[in-house]
Amino acid sequence: MTDTRASAPRSSIGRSRFGGGGATLIIASLLLGLAVSSAMGGLYAWLGDTGDAWLRFSILAFVTLPVTASLGWVLLVDRSSVKDAVERPEDSVESRWFAKAAEGTMIDAFVVIGIGAAVFSFAEIELPVGLVLVAIDVLLLLDLGIRYLVAKLRSA
Amino acid sequence: MRNALPERRAALGWSQQRLADELGVSRQTVISIEKGRFDPSLPVAFRLAAVFGCRIEDLFTPDDA
């Protein structure tokens, strides 16, 4: 019987799939995040018509950098070098829990958006579109989280 | 689906984590399979059979059988 576990040392950060250690991965992720955040900041500064353009650029780039750098890490990391990362997540029970939660959340989204559209049409309520979309997004994320926890508790 | 995983695993002296590592899945997956609350995918079932050196039907029995 062969032991299929990776023999290379693993860490919380992991290594880049293109070679190099953890430090290389962190730097590459930050650079990738910085590039994407700068592009978003530039777009925001270019499209906006109020306030100082550099300030708009700086704020958006600074606020989005943690997210874009994290996404860079997700794209660049070699999964097999990350501590406690399973080799086949798609075959794990957590994947089933997520799939079940996502199915339920999708149905809920149809219902919530459908009812919301009807209510807003008949009642002629006017709200900022951005605010409504954020509210729906937060609601669906909460729904997904609760459904995932329920699926986990039922399986435990 | 009933299964003989706990007995087979105990016979090898393996922990749930060791079996999970062999299968490439999480420990919670092994726990859920052993409790009969998660039916594994066909690839995992084949890997289980390979790990224990038996056939899939030696490991799993349908509830209505």
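Note that the structure is predicted; figures quoted are calculated from it, not measured.

Counting its secondary structure elements, chain B contains 5 helices and 2 strands. Shown N-terminal to C-terminal, the secondary structure of chain B runs as helices and strands in the order β-α-α-α-α-α-β. The C-alpha radius of gyration computed for chain B amounts to 11 Å, which stays within 12% of the reference 11 Å derived for 65 residues, consistent with globular compactness. Across its three principal axes, chain B shows a C-alpha extent of roughly 30 × 20 × 20 Å.

Residue and element names in this part refer to chain A. Inspection of the secondary structure assignment puts Leu127 in the loop between helix H3 (93-123) and helix H4 (129-155). Under the relative-accessibility criterion, Leu127 is labelled partly exposed at 46%. The spatial distance from the C-alpha of Leu127 to the C-alpha of Leu141 is 21 Å, given a sequence separation of 14 residues. Excluding anything up to four places from it in sequence, Leu127 contacts Phe120 and Val132.

So, about the packing of helix H2 (residues 16-23) of chain B against helix H3 (residues 27-34) of chain B. Residue and element names in this part refer to chain B. Direction vectors running N to C along H2 and H3 enclose 105°, while the axes themselves pass 8 Å from each other. The angle between the axes of H2 and H3 places the two elements in the roughly perpendicular class. Between H2, through Gln16, Gln17, Leu19, Ala20 and Leu23, and H3, the contact on the second element is made entirely by Arg27, Val30, Ile31 and Glu34.

Bringing the pattern of salt bridges into the picture now. Oppositely charged side chains are able to pair whenever their charged atoms sit close together. All names here are of chain B. According to the stated counting rule, one finds 8 salt bridges over all chains in the structure shown. One salt bridge in this structure joins Arg18 and Glu22, with 3.1 Å as the shortest N-O distance. Separated by 4 residues within a single helix, Arg18 and Glu22 lie in helix H2, roughly one turn from each other. Residue class for Arg18 comes out partly exposed when judged on its relative accessible area of 25%. A residue is classified by how much of its surface remains accessible, and Glu22, at 6% relative accessible area, is buried. A salt bridge links Asp58 to Arg55; the nearest nitrogen and oxygen atoms lie 3.3 Å apart.

Looking now at the environment of Ser32(B). Tracing the sequence through the fold places Ser32(B) in helix H3. Here the alpha-carbon distance between Ser32(B) and Asp58(B), two residues 26 residues apart in the chain, equals 19 Å. Those residues within four positions of Ser32(B) in sequence are excluded, and the remaining contacts are Val93(A), Trp97(A), Ser155(A), Arg37(B) and Phe38(B). Looking at Ser32(B), its side chain comes within polar contact range of the side chain of Ser155(A), at 3.2 Å.

Time to look at the packing of aromatic side chains. By convention here, two paired aromatic rings are described through the distance between centres and the angle between planes. Residue and element names in this part refer to chain A. All told, the structure shown has 2 aromatic pairs over all chains when counted by the stated rule. When the ring of Trp54 is compared with that of Phe57, the centres are 5.7 Å apart and the planes differ by 85°; the resulting orientation is edge-to-face. Of the two residues, Trp54 and Phe57 both sit in helix H2 (residues 53-76), 3 residues apart, roughly one turn of that helix. Residue classification places Trp54 among the exposed positions, given a relative accessible area of 64%. For Phe57, a relative accessible area of 22% translates into the label partly exposed. Geometrically, the ring pair formed by Trp97 and Tyr148 is edge-to-face, given 5.8 Å between the ring centres and 80° between the ring planes. Of the two residues, Trp97 sits in helix H3 while Tyr148 sits in helix H4, which places them 51 residues apart along the sequence.

It is worth spelling out the nonpolar core at this point. In terms of nonpolar packing, the biggest core is built from 21 residues, with Leu5(B), Leu19(B), Leu23(B), Leu48(B), Phe52(B), Leu59(B) and Phe60(B) touching the most fellow members. Those elements giving two or more residues to this core turn out to be H3 of chain A together with H2, H3 and helix H4 (42-52) of chain B. For Leu19(B), the contacting residues outside a window of four places in its chain are Leu5(B), Arg9(B), Trp14(B), Val30(B), Leu48(B), Val51(B) and Phe52(B). Counting 5 residues, the second-largest nonpolar core is a separate cluster that includes Leu25(A), Leu76(A), Val77(A) and Val82(A).

Per-residue confidence for chain B gives a mean pLDDT of 92; residues scoring 70 or more make up 98%. Both scores are given for the predicted complex: the pTM is 0.76, the ipTM 0.86.

Cut-offs used in this document
- Residues numbered from 1 in each chain as written.
- Chains lettered and ligands numbered in written order.
- Predicted model: local features only at pLDDT ≥ 70, side-chain atom pairs only at ≥ 80, totals over all residues.
- Heavy atoms only, no water.
- Helix = DSSP H or I, 4+ residues; strand = E, 2+ residues; numbered from the N terminus.
- Rg over C-alpha atoms; globule rule 2.2 N^0.38 Å.
- Buried < 20%, exposed > 50% of the residue type's maximum accessible area, 1.4 Å probe, protein only.
- Contact = heavy atoms within 4.5 Å.
- Axes fitted to C-alpha atoms, helices over the stretch in contact; angles between N-to-C directions.
- Parallel < 35°, antiparallel > 145°, perpendicular 65-115°, else oblique.
- Salt bridge = Lys/Arg side-chain N within 4 Å of Asp/Glu carboxyl O.
- Polar contact = N/O pair within 3.5 Å; in protein donor to acceptor, adjacent residues only side chain to side chain.
- Phe/Tyr/Trp six-rings, centres within 6.5 Å; stacked < 30°, edge-to-face > 60°.
- Core = buried A, V, L, I, M, F, W, Y, C linked by side-chain atoms within 4.5 Å.
- pLDDT = per-residue confidence, 0-100.

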